[in-house]
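Each chain, written out:
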Amino acid sequence: MKGTRRKADNSKRIVAGTVGDDVLIVHKLKVLDEEMKIRRAICGAGKPNGETDEWARAVNCRACLAVVTE
């Protein structure tokens with residue numbers, strides 16, 4: 001995956017978490033609204049209003065890892 005990294009918008013907080021029913025793949029989630037707990041996977045996984053859960057686990061989604069957020 002050399003040379004495939006791209007820059008993400010750093011204006012929002014990034015957390016690790018799962019999307020929908022899949023609890024094995026951990027994504028980088030951009031927090032869009034802290035109070036409403038609205039988060040979206042950086043790689044685009046999940047539905048627009050899909051359920052996300054924040055986890056204290058290492059991100060293992062290859063597409064999310066390819067996006068530079070730091």
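For the structure, see preceding data.
Rules behind the numbers
Residues numbered from 1 in each chain as written. Predicted model: local features only at pLDDT ≥ 70, side-chain atom pairs only at ≥ 80, totals over all residues. Heavy atoms only, no water. Patch = residues over 30% accessible without salt bridge, like charges linked within 9 Å, V, L, I, M, F, W, Y side chains within 5 Å. Areas by Shrake-Rupley, 256 points an atom, 1.4 Å probe, with all protein chains shown as cover. Salt bridge = Lys/Arg side-chain N within 4 Å of Asp/Glu carboxyl O. Lys, Arg positive; Asp, Glu negative; His and termini not counted. Charge placed at Lys NZ, Arg CZ, Asp CG, Glu CD. Helix = DSSP H or I, 4+ residues; strand = E, 2+ residues; numbered from the N terminus. Core = buried A, V, L, I, M, F, W, Y, C linked by side-chain atoms within 4.5 Å. Buried < 20%, exposed > 50% of the residue type's maximum accessible area, 1.4 Å probe, protein only. Contact = heavy atoms within 4.5 Å. Pairing = 2+ DSSP bridges.

J.: Can you lay out a negative patch on the surface for me, pointing to particular residues and giving the numbers?
T.: On the surface, a cluster of negative charge is made up of Asp21, Asp22, Glu51 and Asp53. In this fold, Asp53 is placed in strand β5 (residues 52-54).

J.: Explain the nonpolar core to me, using residue names and the numbers behind them.
T.: Val15, Val19, Leu29, Val31 and Ala41 together form the largest nonpolar core, which totals five residues. Residue assignment for this core shows that the elements contributing at least two residues are β2 (14-19) and β3 (22-33). Excluding its chain neighbours within four sequence positions, the residues that come into contact with Val31 are Lys12, Arg13, Val15, Ile38 and Arg39.

J.: How would you summarise the pairing of strand β4 (residues 38-41) if you had to cite specific residues and measurements?
T.: Only one face of β4 is covered, namely the face carrying Arg39 and Ala41; the face carrying Ile38 and Arg40 is uncovered. Taken together, the four bridges between β3 and β4 define a ladder with antiparallel strand orientation. Along β4, the bridge assignment pairs Leu29 with Ala41. Where β3 folds back onto β4 in an antiparallel hairpin, the turn is made up of four residues, including Lys37, whose phi is positive at roughly 55 degrees.

J.: Describe in detail the pattern of salt bridges, supporting the description with residues and values.
T.: Where charged atoms from two side chains of opposite charge approach closely, those side chains can pair. As enumerated under the stated definition, the model contains two salt bridges in all. Measuring nitrogen to oxygen at the nearest pair gives 3.9 Å for the salt bridge that ties Glu54 to Arg39. With Glu54 in strand β5 and Arg39 in strand β4, this pair connects stretches of sequence that are 15 residues apart.

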